[in-house]
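# Examining the three-dimensional arrangement
Now for the letters of each chain:
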Amino acid sequence: MVQILDIPPKQADAVNCEIGPSKFCPGCGHGITLNTLGFAIDELELKERSVFGCDIGCSLLAWNFMSVDSVQTHHGRTTPVIYGITRAVPGTVGIAYMGDGGGYAIGAQHLVNAATRNEKMMVLLVNNTNYGMTGGQMAPTTLPGQKTETTPYGRDIEAHGKPFLGPEMVASITDEKLNYVARGSVNNLRQLKTFLKRALTNVADGRGFSFVEVLSLCPLNWRTNNVDTWERLKEMESFYKVGELKVPEEVKGVK
Amino acid sequence: MVQILDIPPKQADAVNCEIGPSKFCPGCGHGITLNTLGFAIDELELKERSVFGCDIGCSLLAWNFMSVDSVQTHHGRTTPVIYGITRAVPGTVGIAYMGDGGGYAIGAQHLVNAATRNEKMMVLLVNNTNYGMTGGQMAPTTLPGQKTETTPYGRDIEAHGKPFLGPEMVASITDEKLNYVARGSVNNLRQLKTFLKRALTNVADGRGFSFVEVLSLCPLNWRTNNVDTWERLKEMESFYKVGELKVPEEVKGVK
Amino acid sequence: MVNKLITEDTKLFMTGNETVAYAAVAAQADIMYGYPITPQNEVMHTWAKLLPKTGALFLQTEDEISAGFATLGGVVAGKRAFTATAGPGHVIMQDAMSMAEMMRLPAVYVVLARGGPSTATVIYSQQETTLAVFGGNGEGFRIVYSTWSNQDLYDYTIKSFNTAWKYRYPTYVLADGYQGKMREPVVCYDPASRGITMVPTDPYVRAKGRPGVDRPPCHIRNAFSVEEELLEAMEDYQKDFDRIAPEIEEYYTYKADDAEILVIAHGIVARSVVTAVDILREEGIKVGLFRPVTLRPLAVKPLREAVSRAKQVLFTESALGQLARICLEQMYGLTTPYDTYYRPGYGIVGEDIVQKVKQMQKNLVTT
Amino acid sequence: MVNKLITEDTKLFMTGNETVAYAAVAAQADIMYGYPITPQNEVMHTWAKLLPKTGALFLQTEDEISAGFATLGGVVAGKRAFTATAGPGHVIMQDAMSMAEMMRLPAVYVVLARGGPSTATVIYSQQETTLAVFGGNGEGFRIVYSTWSNQDLYDYTIKSFNTAWKYRYPTYVLADGYQGKMREPVVCYDPASRGITMVPTDPYVRAKGRPGVDRPPCHIRNAFSVEEELLEAMEDYQKDFDRIAPEIEEYYTYKADDAEILVIAHGIVARSVVTAVDILREEGIKVGLFRPVTLRPLAVKPLREAVSRAKQVLFTESALGQLARICLEQMYGLTTPYDTYYRPGYGIVGEDIVQKVKQMQKNLVTT
Amino acid sequence: MTVKLQHKGMVFKGCGKNNEATYYLYTSMCKGCGLCIIKCPVNAKGEKCLQWSKEVGIYATPAVEPNPDLCVACGMCETICPDRAIRIEK
Amino acid sequence: MTVKLQHKGMVFKGCGKNNEATYYLYTSMCKGCGLCIIKCPVNAKGEKCLQWSKEVGIYATPAVEPNPDLCVACGMCETICPDRAIRIEK
Amino acid sequence: MARSRIALGGEGGQGVQAIAKILVEAAYLENKNVIYIPNFGIEQRGGVSIAFSQISDDPIGEAKFAKGDIVIMLSDRALERCAQYVDPDKSIVIYDTSVCETKPTFKAKDIIGIPATKMALEDLSPRVFNMIILGVIVKATGIIQVDSCKKAIEDAFGSKFKDKPELRELNFKALEEGMNLIKSPAQV
Amino acid sequence: MARSRIALGGEGGQGVQAIAKILVEAAYLENKNVIYIPNFGIEQRGGVSIAFSQISDDPIGEAKFAKGDIVIMLSDRALERCAQYVDPDKSIVIYDTSVCETKPTFKAKDIIGIPATKMALEDLSPRVFNMIILGVIVKATGIIQVDSCKKAIEDAFGSKFKDKPELRELNFKALEEGMNLIKSPAQV
Ligand SMILES: Cc1ncc(C[n+]2csc(CCOP(=O)(O)OP(=O)(O)O)c2C)c(N)n1
Ligand SMILES: Cc1ncc(C[n+]2csc(CCOP(=O)(O)OP(=O)(O)O)c2C)c(N)n1
Ligand code: SF4
Ligand code: SF4
Ligand code: SF4
Ligand code: SF4
Ligand code: SF4
Ligand code: SF4
Ligand SMILES: [Mg+2]
Ligand SMILES: [Mg+2]
């Protein structure tokens, strides 16, 4: 029944068709997010103007996943590399792609300062409630009670605090007129694509810093099967509110 | 007319009486802030339980200013040193003292993560709208149009973004029930002392992370005389709202 | 006080990373601060898992900069505090390490070298030697142990706390990801059973007594106003370091006494040298190993003597001459010719060294 | 395109920091990224002040980590990008520098060494030599120029951009805070007037053409999956480095040919050696200077020759033997005895060297 | 740029309400995560539309296959698949 | 801990509404910033209460001194002084 | 007995490291000198993962080795990457014919193809694939006793077995089936 | 002419570096070889600040020097810190008697006390204190012309002088008063 297929898989033009299967684990939300990003770039015809930077974290595995110009950086350092580029070549649609560890822990100074300085770039942050690449330790986003390698008895909010509210934080230091801030989920890809398109448009228009967090899946470290993986995502959605926090008037029309 | 005086200057017991004049410039807000902190510690009788950490920035000059146990750290790194201490010896009232550069630029990841993890410590941040120690460069807090060594033609918000809203940011990721967040000013020392006492009490009670930003003076780098120094502070106050952002019920009684 | 888990000698079959955690418990380390990075993660995982039993403390920080500085906080509070890291984490942790160097804070750092530079590879290399020994903007006022087995990791992790607190220089246990991930038997013991007394710690801040009344308040710093102060501090530190070096220096040799070809290697590569020495000796080739155990301070005299006795020297490392540079500085004046076998970021096996030595041997005979 | 400010030779009396900014303009550097730290601040201040005239770009980042990585962003975008830092900033910037090393990105770093370790002092030292040359978790695949005057700062800042873009190794201009803060006359020139063509840059990202249509998309990385890939990269880099080294190596000697006592020093300390040489020569003592200009790669052959000719060698630095270590590694096998005069973090003047040499001279005579 | 990957997989014709759709499952892409199975709206109604296959994907773990009689060719599985292993042509 | 700094300065008696207050100005502490002058509420009313002195502080710049007749001993200057150079005793 | 060197390579998800861990654990239970070292790519899953195990009566020097006495390859990519550990004269190579589409092209002392994946999928359960491989190794090397191996399995999965005793049977069955795939201890 | 080495030390706020800058600028205008290097503490204000200036007809080697031909000390702390730059046989020492409470205890070729601060406060303006010192140096060294010095002052304060021409007079007056404090060029 298995045969050679002449018709290639359907994927965004902005996704590299030459690499075959991604290097992500089975069922990983990174792949879902990036496929969606690819379609968003395609629909806005931004492939040529875009530069994709990936962090160290499982996002590093995306170093050749996109067919847009891509740079792999260091853990937490994708934001400065990208604004280094967009400052040098204004008009570039810079996309800094990172995990919750890279964005909220080791790279948080870059996130908040890029936001306040209104760097004209987009940060796309994958929240999988743990450090995926290093084998599943606590991340700032780990849910209360969640077991990870460094919270083997579950995240105790008394000891480790409450999960990190990234978009809420970015919203508190940005400007409704200039900045786009949202939290999406791989549970709703149509909505996620709209969020991504709005963020990209806001950058492409030269308006300003845009931020999208994506609630994602990490079945490997969650040790979940397909059923439980989706269940876990629902738990995340009940903790982290999906939606838009800042939407400049001009991008409201983008669907 | 000048004579030897037998009566020593009036100062808090928590301030070191052996060093004589501080190492700060004439008219510096650091001295004002620290004297006020000293009285707050005295009034709460927290001298023995306190550890004072000073950043590199003009706050480094305070390494022996207090008569509480003190540690000088690196630029931006006072927060981790202090929570390193308070984690090791719970019950310690850790005070991380830093400038706006140390707190909002190079050390922003520590600030936001200590806040979300609810580290039981206090961050006291002196906002003087520039990098004082290094000779007056732009800080995240520099006001729009303000001339500094790195914005010699004035801070252009299009290029450099808008000033950093620290307490607002910390408030967005902390918990009304556990955390104290405020912005004071050296213009109103009675109020500032109350803010500091509430923050200290909140930490001493073991409730959680507390944050006070102080609008301060830097006549040296502002190149202002005494009149203009106070005028500049008023400008700051019209941009940065002085007041409390998060006040746990339990500390409301502290005056 | 941290609970001991091991009171009687117990042989355990575990990874190097687990070993470090067990050893730190045995040393009654109070608190670990850390940030995840392969290949050291399991030090943290094991430490975290043991907490209910040990009653020790743990904090996962927001990055290695924080882990490094928080560790100094723990030390300043008078606790046996340590952290573990690798690669890019080790690079940025130099910020804190240089503060420890300046303030002579007895922090313990466990480094499991991975490939470099940059992110490179996640497991193995010996490319963090220079960084461990001379990293930061200072003069290498650190003590660095290089281990080669899990037993070593156990022994030297315990020892590092004592060295640090006794001499008040930051102390490293430098291993690599192979050692961290490798599983081999270790005899775990209570240090007391070996006559090892843990050097008592004492707090810099929150010491007994009221500050300013019973004792002066603690006032410690790393910034000086003028050059003269810095010069004085550096000269003091150097004098101290030179004085204590003979007490600290350690090295290991294997059939080095009559070796015509002396192989100099550290860490796990030295194990491959032992394998090679055995093979080569069987073939009648007189080879021996000199393995510096302390990379800083280096056991200079024994090194020079061994080199002088040999006809040829071979440096071999999974790096581009980082160990060699440290040794050559101290070997100046000697004339024994040397050759190198470097495999940056790549494992070296006995067979590699056998081949290399045979080739050297051939040259020796023909010339 | 950045506007030239200097088209005809112009003598200016300014500080080293100002000189660096002017030289970067002359080199048509497109963009500077930076974070304040003494003693390099005025590089940034001057650059910022000149912007309306030059039309160049500038970004003050949130820390040196960002400045380092943003510089790599600028480079990847095909711009002549640079940054300047010192001390603790230099320490944490190694994070980005090691990425540049791995990806061979032609970033230019200007380092004005200050006291170390840690915060130490704000002005001067030569304690960042090891850090500049071998910092990070790598193998020192960098090119490092050490200057000794403001004219040098002008010349080598220009040169560093060409070296970086020609050879694609990150390139350092290593000076110190004395040089940064020191005021002396500099002849500023348009590089073209000296026959210097600026090596053209080209973008890694956003190159001409549609990615995936006219050209492959840019896909550059610093992480490898397996050891073999890393080994291969390192061996390639080493081969390249060895090949180009002879084109890059520079050194300077002063009355070294017949010197019985050869003083080895770099940077501003070498100037004091010149003063001392003049004084000592007047007294009939045959002293000379060997000054490595490139600390990496080192001009090994001339160094060995000069050392061989001398009866004694003196290393002198405002550090504890950081230059000496680099040299001694390459001097192995020679037997000329050496002495040292180290003043970590402290200025060295001609008189100091005169005294030291006289003492050596005395020993030479008596033994 | 003209490197072409060879793809392998299964073809299921007759999917969709009017049997007009063809369903391609690339075994050379499928990692057998099963996310699609949960997302299939027909499955969600309790029917057995998208299920584990006997064929394996690239990791030698079971791939998936639709029941053409039930599949409404809604494209949900195609959209969600992290590895672009499903293609539905109408 | 028993190191005692020697303090120098000026003494102004008869300050305050009932002339009961004594005003100490430590020239060994005053850096002449003049912040206190602006904060003095009496000055603010246009009177000349706290003014530059002919005596200099530690940086050889003018210190300040109150006019005891006008000074209400409100303590504002004492509180604001960054260098603890003012002490008012009632 | 001399040192036995076993290199085992497969895809990230195939359980290569788990197999090796049980193997060395079993040898450790027999009081042998053992050392095991994993080697894996940067991907959490999906790269080639190799386990180097050594079992010996004498102390062991080098942690890794140049050539394996037994080299087991469980995928095409593993076949490619592990070829370097094969000594043309001394190594016994075992590979999974039901997964590998390519065939070994290198020389070896002996090359044995086994249909382990197929066997697991069709006759047992995909979950016990690694037990089959373990059985193959036990039999091929002949250096550890089946009983120690079972003991090690028990130690590793004890709690799971308690919940579902039938799992124990399944695992042991797979182990034995794996052993049956090899005719006699390889001459190593 | 040989090299003149001038060390000038004072408190952070006293304008020590500004004085030295004008001095070397003036020498530079005369086409001399010059090098100036500041040395300051970590405090923005309040530490001791030292300026090392060298003026010479020949190229200058060392950027700093061990002993100054002229060493000027403007505060007690400067007196303490700059003593190291005084050669007992060769250096001329100048210090401000109206600020320094201690007196130099070291040996020097000549020690000259001047009441510069007092003069500034009482006769001129505290703002031109540094011009007095500059005048002192100009006269004491005799290596630069007053005119170049005035030109350098003009270059430095040109715009201020434009706004307030009386400032120019005040500054030049201070310069001259400073010169008058020294009887004749020191023998250096
Ligand atoms: C400076 C530094 N510290 C630590 C690491 C190790 N490291 C690699 S990825 C990672 C965490 C990844 O977590 P996250 O950013 O959430 O991404 P994910 O893998 O979960 O997508 C860490 C800590 C590193 N590469 N560099
Ligand atoms: C890692 C590092 N980068 C830079 C510096 C230099 N530096 C010292 S203080 C300072 C800024 C101080 O500004 P701020 O934190 O606002 O404190 P302030 O002096 O204004 O009170 C800087 C950049 C340093 N010491 N360490
Ligand atoms: S570890 Fe988690 S985040 Fe990383 S690739 Fe695997 S599933 Fe995705
Ligand atoms: S520079 Fe500014 S902040 Fe620093 S001590 Fe002086 S006045 Fe205070
Ligand atoms: S088709 Fe895609 S979503 Fe479905 S199991 Fe395969 S990889 Fe997972
Ligand atoms: S196309 Fe829709 S109905 Fe058909 S298998 Fe996929 S999800 Fe189910
Ligand atoms: S008394 Fe205090 S506030 Fe007033 S001028 Fe002196 S130092 Fe400044
Ligand atoms: S006490 Fe009050 S009235 Fe008197 S000088 Fe001070 S501020 Fe003015
Ligand atoms: Mg994550
Ligand atoms: Mg500030």
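Now for a description of the structure that goes with this document. Note that the structure is a prediction, hence the values are computed from the model and not measured. (Residues numbered from 1 in each chain as written. Chains lettered and ligands numbered in written order. Predicted model: local features only at pLDDT ≥ 70, side-chain atom pairs only at ≥ 80, totals over all residues. Heavy atoms only, no water.)

Here the focus is the overall build of chain A. Across its full length, chain A holds nine helices and eight strands. Taken against the 2.2 N^0.38 rule, which gives 18 Å for 255 residues, the C-alpha radius of gyration of chain A at 17 Å falls within 12% of a compact globule. Oriented by its inertia axes, the alpha-carbon framework of chain A measures out at about 55 × 50 × 30 Å. Burial analysis of chain A (255 residues in total) assigns 73% to the buried set. Within the structure as shown, chain A displays about 7000 Å² of accessible surface, and the carbon and sulfur contribution to it stands at 51%. Positive and negative charge centroids in chain A, built from 25 and 26 side chains respectively, lie 3 Å apart. (Helix = DSSP H or I, 4+ residues; strand = E, 2+ residues; numbered from the N terminus. Rg over C-alpha atoms; globule rule 2.2 N^0.38 Å. Buried < 20%, exposed > 50% of the residue type's maximum accessible area, 1.4 Å probe, protein only. Areas by Shrake-Rupley, 256 points an atom, 1.4 Å probe, with all protein chains shown as cover. Lys, Arg positive; Asp, Glu negative; His and termini not counted. Charge placed at Lys NZ, Arg CZ, Asp CG, Glu CD.)

What follows deals with the overall build of chain C. Scanning chain C from terminus to terminus reveals 12 helices and 15 strands. Computed over its C-alpha atoms, the radius of gyration of chain C comes to 21 Å, within 12% of the 21 Å expected for a compact globule of 367 residues. The dimensions of chain C, computed from C-alpha atoms along their principal axes, are 80 × 50 × 40 Å. Each of the 367 residues in chain C was classed as buried or not, and the buried ones make up 72%. Look at the contacts in chain C between residues 6 or more apart in sequence, and 81% of them connect residues 24 or more apart. (Contact = heavy atoms within 4.5 Å.)

A few words now on unusual backbone geometry. Here Thr38 of chain C and Pro39 of chain C are connected by a cis peptide whose omega angle stands at 10 degrees. Within the secondary structure, Pro39 of chain C is located in the loop between strand E2 (31-34) and helix H2 (41-54). Of note, the bond from Gly116 of chain D into Pro117 of chain D is cis; its omega dihedral lies within 30 degrees of zero at 0 degrees. If you trace the backbone, Pro117 of chain D turns up in the loop between strand E5 (108-113) and helix H5 (129-134).

For the magnesium ion (ligand 9), the full set of protein donor atoms is Asp100 of chain A (OD), Asn128 of chain A (OD1) and Asn130 of chain A (O), and the range of their distances to it is 2.0 to 2.2 Å. We classify Asp100 of chain A as buried; its relative accessible area is 2%. (Donors = N, O, S within 2.8 Å, 3.2 Å for Na, K, Ca; no water.)

Once that is clear, we can look at the interface of chain D and chain C. Contact residues are listed per partner, giving 60 residues for chain D and 60 residues for chain C. Taking both sides of the interface into account, the surface hidden between chain D and chain C amounts to around 5300 Å²; carbon and sulfur atoms contribute 60%. Our count for the contact surface shared by chain D and chain C stands at four salt bridges. Among the ionic pairs, Glu329 of chain D bridges to Arg325 of chain C, the shortest N-O distance being 2.9 Å. Linking chain D with chain C are 28 residue pairs in polar contact (both at pLDDT 80 or more), by the criterion used here. Among the secondary structure elements, those contributing two or more residues to the side of chain D that touches chain C are helix H4 (87-103), H5, helix H8 (227-248) and helix H11 (322-331) of chain D. Per element, the largest residue contribution to the side of chain D that touches chain C is 10 residues, and it comes from H4 of chain D. Class assignment for the residues of the side of chain D that touches chain C results in 29 nonpolar, 21 polar and 10 charged. (Buried area = accessible area lost by both parts, 1.4 Å probe. Salt bridge = Lys/Arg side-chain N within 4 Å of Asp/Glu carboxyl O. Polar contact = N/O pair within 3.5 Å; in protein donor to acceptor, adjacent residues only side chain to side chain. Nonpolar A, V, L, I, M, F, W, Y, C, P; charged D, E, K, R; others polar.)

In this section: the side chain of His160 of chain A. Counting through the fold element by element, His160 of chain A comes out in helix H5 (residues 157-160). For His160 of chain A, a relative accessible area of 12% corresponds to the buried category. The contacts of His160 of chain A, once residues within four sequence positions are left out, are Met138, Thr151 and Arg155 of chain A together with Thr116 and Arg117 of chain B.

Residue and element names in this part refer to chain C. Most of helix H1 (residues 16-26) sits inside the fold, with nine of its 11 residues counted as buried. For H1, the complete set of buried residues consists of Gly16, Asn17, Thr19, Val20, Ala21, Ala23, Ala24, Val25 and Ala26. Of the residues one or two after H1, Gln28 is the one with positive phi, at around 55 degrees.

Bringing the interface of chain A and chain G into the picture now. Taken together, the contact between chain A and chain G spans 11 residues of the former and four residues of the latter. Across the interface of chain A and chain G, roughly 630 Å² is buried in total on both sides, 69% from carbon and sulfur atoms. Of all residues in chain A, Lys23, Met133 and Leu220 of chain A give up the largest surface area on contact with chain G, accounting jointly for 53% of the area buried on that side. For the pair chain A and chain G, the number of links is zero salt bridges. Where chain A packs against chain G, one counts one residue pair in polar contact (both at pLDDT 80 or more). Of the residues in the side of chain A that touches chain G, the class split is six nonpolar, four polar and one charged.

Looking at ligand 5, the residues that line it are Leu25, Cys30, Lys31, Gly32, Cys33, Gly34, Cys36, Val64, Cys81, Pro82, Ala85 and Ile86 of chain E. Residue composition of the shell around ligand 5, by class: nine nonpolar, two polar and one charged. (Near = heavy atom within 4 Å.)

Turning our attention to the coordination of the magnesium ion (ligand 10). Residue and element names in this part refer to chain B. For the magnesium ion (ligand 10), the full set of protein donor atoms is Asp100 (OD), Asn128 (OD1) and Asn130 (O), and the range of their distances to it is 2.0 to 2.2 Å. Read in sequence order, the donor residues for the magnesium ion (ligand 10) give the motif D-x27-N-x1-N. Note that Asp100 is positioned in helix H3 (residues 100-106) and Asn130 in the loop between strand E5 (122-127) and helix H5 (157-160), a separation of 30 residues in sequence.

Neighbouring residues of ligand 2: 22 residues in total, closest Cys58, Asp100, Gly102 and Gly132 of chain B together with Glu64 of chain D. The local environment of ligand 2 is shared, drawing residues from chains B and D. In the model, an oxygen atom of ligand 2 is placed 2.8 Å from a nitrogen or oxygen of the Gly102 of chain B main chain. When isolated, ligand 2 has an accessible area of 590 Å², and the protein chains bury 99% of it. Those elements that provide at least two residues to the shell around ligand 2 are H3 of chain B together with H4 of chain D. Ranked by residues supplied to the shell around ligand 2, first place goes to H3 of chain B with four residues. Of the residues assigned to the shell around ligand 2, the class counts are nine nonpolar, 11 polar and two charged.

Let us now look at the sheet that holds strand E5 (residues 86-89) of chain F. Read across the open sheet, the four strands follow the order E1(B)-E1(F)-E2(F)-E5(F); overall the sheet is antiparallel. For this open sheet the edge positions go to strand E1 (3-5) of chain B together with E5 of chain F, each flanked by a neighbour on one side alone. Pairwise comparison of adjacent strand axes, ignoring direction, gives a mean angle of 40 degrees for this sheet. Where strand E2 (residues 21-26) of chain F lies against E5 of chain F, four bridges are found, and the strand directions are antiparallel. By the bridge assignment, Tyr23 of chain F is partnered in E5 of chain F with Ile88 of chain F. (Pairing = 2+ DSSP bridges. Axes fitted to C-alpha atoms, helices over the stretch in contact; angles between N-to-C directions.)

Attention now moves to the packing of aromatic side chains. Two descriptors summarise a pair of aromatic rings, namely the distance from one centre to the other and the angle between the planes of the rings. Per the stated rule, a full pass over the model turns up 52 aromatic pairs over all chains. Measuring from ring centre to ring centre gives 5.4 Å for Tyr109 of chain C and Tyr172 of chain C, while their planes differ by 50 degrees; the resulting arrangement is tilted. Taken as a pair, Tyr109 of chain C in strand E5 (residues 108-113) and Tyr172 of chain C in strand E7 (residues 171-176) lie far apart in primary sequence, 63 residues in all. Neither residue differs from the other here; Tyr109 of chain C and Tyr172 of chain C are each classed as buried. Joined through ring pairs, the aromatic side chains of Phe141, Tyr169, Tyr237 and Phe241 of chain C make up one cluster. Taking NZ or CZ as reference, Arg104 of chain D lies 3.9 Å from the ring centre of Tyr169 of chain D, over its face. The ring of Trp230 of chain B carries the charged tip of Lys39 of chain F above its face, separated from the ring centre by 4.5 Å. (Phe/Tyr/Trp six-rings, centres within 6.5 Å; stacked < 30°, edge-to-face > 60°. Lys NZ or Arg CZ within 6 Å of the ring centre and 35° of its normal.)

All names here are of chain E. Within the secondary structure, Cys81 sits in the loop between helix H3 (76-80) and strand E5 (86-89). On the basis of relative accessibility, which here comes to 11%, the residue Cys81 falls in the buried class. Along the primary structure Cys81 and Cys71 are separated by 10 residues, whereas in three dimensions their C-alpha atoms are 16 Å apart.

Another point: the packing of helix H4 (residues 87-103) of chain C against H4 of chain D. For any two helices packed against each other, one specifies the crossing angle of their axes together with the interaxial distance. Axis separation between H4 of chain C and H4 of chain D bottoms out at 8 Å; the angle between their running directions is 175 degrees. Our classification of the angle between H4 of chain C and H4 of chain D gives roughly antiparallel. Taken together, the residues of H4 of chain D that come into contact with H4 of chain C (itself represented by Val91, Ile92, Gln94 and Asp95 of chain C) are Val91, Ile92, Gln94 and Asp95 of chain D. Its residues placed into classes, the contact of H4 of chain C with H4 of chain D shows four nonpolar, two polar and two charged. (Parallel < 35°, antiparallel > 145°, perpendicular 65-115°, else oblique.)

Attention now goes to the pairing of strand E3 (residues 57-60) of chain C. All names here are of chain C. Note: E2 against E3, four bridges, orientation parallel. Across the sheet, Met32 pairs through a bridge with Phe58, a residue of E3. For the segment spanning E2, H2 and E3, crossover handedness is right-handed. (Right-handed = clockwise from strand over helix to strand, strands pointing away.)

Once that is clear, we can look at the pairing of strand E3 (residues 69-72) of chain A. Residues Asp69 and Val71 of chain A of E3 of chain A are buried on one face, and the alternating residues Ser70 and Gln72 of chain A, pointing to the opposite face, are buried as well. When strand E2 (residues 50-54) of chain A meets E3 of chain A, the two strands line up parallel, connected through four bridges. Within E3 of chain A, the position partnered with Gly53 of chain A by the bridge is Val71 of chain A. Sheet topology note: the E3 of chain A/strand E9 (residues 219-220) of chain D ladder contains two bridges and is parallel.

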